[in-house]
Protein chains: 2
Amino acid sequence: MKIAIMGFGIVGSGAYEAAKLADGIEIKKILDLRVRPGYEDIADKFTSDINDIISDEEIELVVETMGGVDVPREYVTKCLKAGKHVVTSNKNLVSACYQELNEAAAEGNAKLRFTPAAGGGIPWLFNLRRAKRCDVLTEVRGIVNGTCNYILDSMHKSGANFEDALAEAQKLGYAEKDPTSDIEGTDTLRKCVISTNLAFDANVTEDQIPACGISSISAEDIQFFNSNGYTCKLMMYSKVMDGKLSAYVEPAIFGPQHLEANVKANNNLITLVGENVGTLSFFGQGAGSAPTGQSVIQDVIDIKDGVEMNAPFHDYFPAAETSFIANESQLHTYYFRHDHPSRMITEITDKFAVVDGTYYCISKPIPVVEMHELAKHMKQVERPFFFAHIHE
Amino acid sequence: MKIAIMGFGIVGSGAYEAAKLADGIEIKKILDLRVRPGYEDIADKFTSDINDIISDEEIELVVETMGGVDVPREYVTKCLKAGKHVVTSNKNLVSACYQELNEAAAEGNAKLRFTPAAGGGIPWLFNLRRAKRCDVLTEVRGIVNGTCNYILDSMHKSGANFEDALAEAQKLGYAEKDPTSDIEGTDTLRKCVISTNLAFDANVTEDQIPACGISSISAEDIQFFNSNGYTCKLMMYSKVMDGKLSAYVEPAIFGPQHLEANVKANNNLITLVGENVGTLSFFGQGAGSAPTGQSVIQDVIDIKDGVEMNAPFHDYFPAAETSFIANESQLHTYYFRHDHPSRMITEITDKFAVVDGTYYCISKPIPVVEMHELAKHMKQVERPFFFAHIHE
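In this report, the structure presented in the accompanying data block is examined. What you see is a predicted model; the values in this text were computed from it and never measured.

1. Quick word on the relation of the copies chain B and chain A
Inference 1: Between the two copies, chain B and chain A, the superposition gives an RMSD of 0.0 Å; the rotation angle is 180° and the shift along the axis is 0.0 Å. The transformation relating the two chain copies, once decomposed into turn and shift, fits a two-fold axis. Minimal C-alpha separation from the rotation axis in chain B is found for B:Phe282, amounting to 2.5 Å.
Inference 2: Taken as a fraction of all interface residues of chain B, those also at the interface in chain A reach 100%, which identifies the copy contact as same-surface.

2. Section: the packing of aromatic side chains
Inference 1: Enumeration according to the criterion identifies 32 aromatic pairs over all chains in this entry.
Inference 2: Taking the centre distance of 5.0 Å and the plane angle of 90° together, the rings of B:Phe8 and B:Tyr39 count as edge-to-face. In this pair, B:Phe8 is assigned in the loop between β1 (2-6) and α1 (10-19) and B:Tyr39 in the loop between β2 (26-31) and β3 (46-47), connecting sequence segments 31 residues apart.
Inference 3: B:Phe8 sits in the buried class, given a relative accessible area of 2%.
Inference 4: Of the residues examined, B:Tyr39 reaches a relative accessible area of 13% and is grouped as buried.
Inference 5: Within the aromatic cluster, the residues linked to one another by ring pairs are A:Phe8, A:Tyr16, A:Tyr39 and A:Phe46.
Inference 6: Positioned above the aromatic ring of B:Phe126 is the side chain of A:Arg130, whose terminal nitrogen or guanidinium carbon lies 3.5 Å from the ring centre.

3. Some details on the environment of A:Gly357
Residue and element names in this part refer to chain A.
Inference 1: Secondary-structure assignment places Gly357 in the loop between β14 (349-355) and β15 (358-363).
Inference 2: Along the backbone, Gly357 and Asp339 are 18 residues apart, and their C-alpha atoms lie at a distance of 6.2 Å.
Inference 3: Not counting residues up to four positions away in its chain, the partners in contact with Gly357 are His338 and Asp339.

4. Some thoughts on the interface of chain B and chain A
Inference 1: Contacts between chain B and chain A engage 46 residues on the former and 46 residues on the latter.
Inference 2: Carbon and sulfur atoms make up 54% of the area that chain B and chain A hide from each other, which totals about 3,800 Å².
Inference 3: On the chain B side of the interface with chain A, the three residues burying the most area are B:Arg130, B:Cys134 and B:Phe283, jointly 16% of the side's total.
Inference 4: Our enumeration of links across chain B and chain A arrives at four salt bridges.
Inference 5: We note a salt bridge from B:Arg130 to A:Asp302, for which the minimum N-O separation is 2.6 Å.
Inference 6: Our enumeration of links across chain B and chain A arrives at 15 residue pairs in polar contact (both at pLDDT 80 or more).
Inference 7: Of all the secondary structure elements, the ones that give two or more residues to the side of chain B that touches chain A are α6 (124-131), β11 (278-285), α12 (289-305) and α13 (310-313) of chain B.
Inference 8: Here the side of chain B that touches chain A takes ten residues from α12(B), the largest share from any one element.

5. Quick look at the sheet that holds strand β6 (residues 112-113) of chain B
Residues and elements named next belong to chain B.
Inference 1: Strand order across the open sheet formed by six strands is β3-β2-β1-β4-β5-β6, with parallel pairing between neighbours. Looking at which strands have only one partner, the edges of the open sheet turn out to be β3 and β6.
Inference 2: Relative to β2, β1 is paired through five bridges, and the arrangement is parallel. The partner of Ala4 across the bridge, within β2, is Lys29.
Inference 3: The sheet strands contacting α12 are β1, β4 (59-64), β5 (85-88) and β6, and the helix crosses β5 at an angle near 160°.

6. Observations regarding helix α8 (residues 162-171) of chain A
Residue and element names in this part refer to chain A.
Inference 1: Residues Phe162, Ala165, Leu166 and Ala169 constitute the buried set of α8. Taken end-on, α8 shows its buried residues confined to a sector of 100°, consistent with a single buried face. Along α8, the residues that are exposed and aim more than 90 degrees away from the buried face are Glu163 and Lys171.
Inference 2: Two to three positions downstream of the cap, the backbone nitrogen of Glu163 sits 3.3 Å from a side-chain oxygen, assigning the N-cap of α8 to Asn161.

7. Observations regarding unusual backbone geometry
Inference 1: The phi angle at A:Asn109 is positive, at roughly 50°, despite the residue not being glycine.
Inference 2: One can find A:Asn109 in the loop between α5 (98-108) and β6 (112-113).
Inference 3: The backbone phi angle of B:Asp201 is positive, close to 45°, even though this residue is not glycine.
Inference 4: With respect to the helices and strands, B:Asp201 occurs in the loop between α10 (186-200) and α11 (219-227).

8. Overview of the pairing of strand β9 (residues 244-254) of chain A
Residue and element names in this part refer to chain A.
Inference 1: A large share of β9 lies buried, amounting to ten of its eleven residues.
Inference 2: For strand β8 (residues 231-241) and β9, the ladder comprises eleven bridges, and the chain directions are antiparallel. In the strand pairing of β9, Lys233 is matched with Ala252.
Inference 3: If you look at the hairpin formed by β8 and β9, you'll find two residues sitting between the two strands, and Asp242 has a positive phi there, around 50°.
Inference 4: Taken together, the two bridges between β9 and strand β17 (residues 385-390) define a ladder with parallel strand orientation. Residue pairing across strands places Ile253 opposite Ile390, the latter belonging to β17.

9. Observations regarding the environment of B:Ile122
Inference 1: Inspection of the secondary structure puts B:Ile122 in the loop between β6 and α6.
Inference 2: Along the sequence, B:Ile122 and B:Gln294 sit 172 residues apart, while their C-alpha atoms lie 9.6 Å from each other.
Inference 3: Sequence-distant contacts of B:Ile122, that is, excluding residues within four places in its chain, are made with A:Leu280, B:Thr115, B:Asn268, B:Ile270, B:Phe282, B:Phe283, B:Gly284, B:Gln285 and B:Ser295.

Thresholds, definitions, all that
Residues numbered from 1 in each chain as written. Chains lettered and ligands numbered in written order. Predicted model: local features only at pLDDT ≥ 70, side-chain atom pairs only at ≥ 80, totals over all residues. Heavy atoms only, no water. Least-squares fit on C-alpha atoms with pLDDT ≥ 70 in both. Contact = heavy atoms within 4.5 Å. Phe/Tyr/Trp six-rings, centres within 6.5 Å; stacked < 30°, edge-to-face > 60°. Helix = DSSP H or I, 4+ residues; strand = E, 2+ residues; numbered from the N terminus. Buried < 20%, exposed > 50% of the residue type's maximum accessible area, 1.4 Å probe, protein only. Lys NZ or Arg CZ within 6 Å of the ring centre and 35° of its normal. Buried area = accessible area lost by both parts, 1.4 Å probe. Salt bridge = Lys/Arg side-chain N within 4 Å of Asp/Glu carboxyl O. Polar contact = N/O pair within 3.5 Å; in protein donor to acceptor, adjacent residues only side chain to side chain. Pairing = 2+ DSSP bridges. Axes fitted to C-alpha atoms, helices over the stretch in contact; angles between N-to-C directions. Arc of directions from axis to C-beta.

This is how it looks when you write it as structure tokens:
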């Protein structure tokens, strides 16, 4: 099968290298502004004009590894409508334009796959759909952001504060110069949207799912967790209970009996729960050139070989109607820290300790939405605040 | 697709239930000596004559969930030669007769799948072959025996001795009446044989792989591990280094930085390492009716839908020549306990402590084969001895 790669950066070049190990895949064209250093010998494959790819009838499949939303949205839609299959690693695109991309795929009778868009090198989305072939899924959850996991793990180990741990992660290449989308939970939110839609044949959008990141965590929070045997992780959660779908992104703390507690460095751990299979978890590299690149090529091979994964899998087609999120039915006990008890705070507090004017609290069981609203309010009024769901 | 199930016990009935959730699978016949209680409404499907299945041309695929070797070997070979695809959960059979079954499958132009034979409900073998499509695997390892993991976990938690922990596991149904094959490492050995052959296109047999179980572990060993922050697991290891294949089954101890340290109860955790994907681990239920039953049906669906998983996957066909195991090149540091220093023991000891006449030792780095030979010798002379590889 002749294919093209759009965007020859970290993931695109990883896909190019992985394709060398696969049977029957020829990379005919590469869309990028310039030839990537080290790839001068294939300079003739490079083009900066999308029409060179669209108009090439030999190219049956296009890999999109550009990043961003606007340009890939236009290019991917064009490719799909022209009947070219698309494999994309672009979580921003898939999360933001899920319905639209699926409609374009249907229009062009083309296939759309995006296993690398959540979990990087982990065959998470592929196995998630595969599990549904003879099981009923009830829950997905996981650590899906390597940057946050690296920062939290290093804070647990060194006792550093958030700013220093972030700076070190940036120095080592585990965090970007602008880390906002990672540390504020937006990246995790996108992977939550994608996983939720595939797991539950839903069609939820980013604005429906409350998401909190880790940027307000302090060395004192971590110290409190360490001394109580807990480990803090940024989690995505999505669950169907009594026919209602809930989904949210928030920090959570895990006792030593949980596998999540032992996920170190920049690794990911993603879990599905099925009525038959029980709890099934996948651990590995959630990012990086070679891991994510091979995941791209796995999707390409599946399309080439016609691996359909049975009825609900097909082309990852979403449920026709928008799904509703019912987080009010999800009650959790939360750890939270603040410096100024208001009536709203006092009402939800079960236990607390005060050290140097800072309140370390355990909440009564409260709905997810209530805690997220409180956190949003505290951010607006610029008061110190951090919370984490105590994972049972 | 019309299929038959041979052996309607724990796994066979789990497969029957999982098939209800799958599209396009009809279970036409069930081979068993009697109708299973609760299944009287499908009594007409039951037969005790294998020829009712072989001679039924509508039956395209046969599931084998009988257990044992001799009878399923005869039946499975017959089915394959008659051109019926086979899915089996029987690790004893696949480990013992790998070459023979593959030859029968080739003769009948039938497919043979056995994902449930290692990892139970975990899609381990499937993903292992899938990973090879665009990666080079260098290692597989894992906790693949739930019984041993349950016993070890309960010893770590309660401080119980081995015999009491085993008796409790038997009471709760996590260990069989005759637990020999689990606790002596034979079950893990079989899963090691199967995983090694699929990972490295090898054709190794059970007698080539040294295997030690956990039956000689003591409460004092566990106490020593606990106080040093280590957790003991029974592991399979298989690795290719410098073109040489090594494989062995032995107890190992893990520091808290390893995911294995946090695998509780009767769960499994199985890992592959690939040059592209890096470390990829799968966690879940390694046994049980519903988990293993759905894994059987996943293989059935793949055969029905023609999921081939590319060149090396095909029908799991083994390398033509027997592979050789080179464990002498694998050096490890071991923990070991004995009560009587001989010259052989003194030579390999690096550090030791003596408590009440018992020697708790750390070895110099020594080849795997040397430690296994020592353990074998100590068993023959009936002296107390236990060892565990210190996993780096």
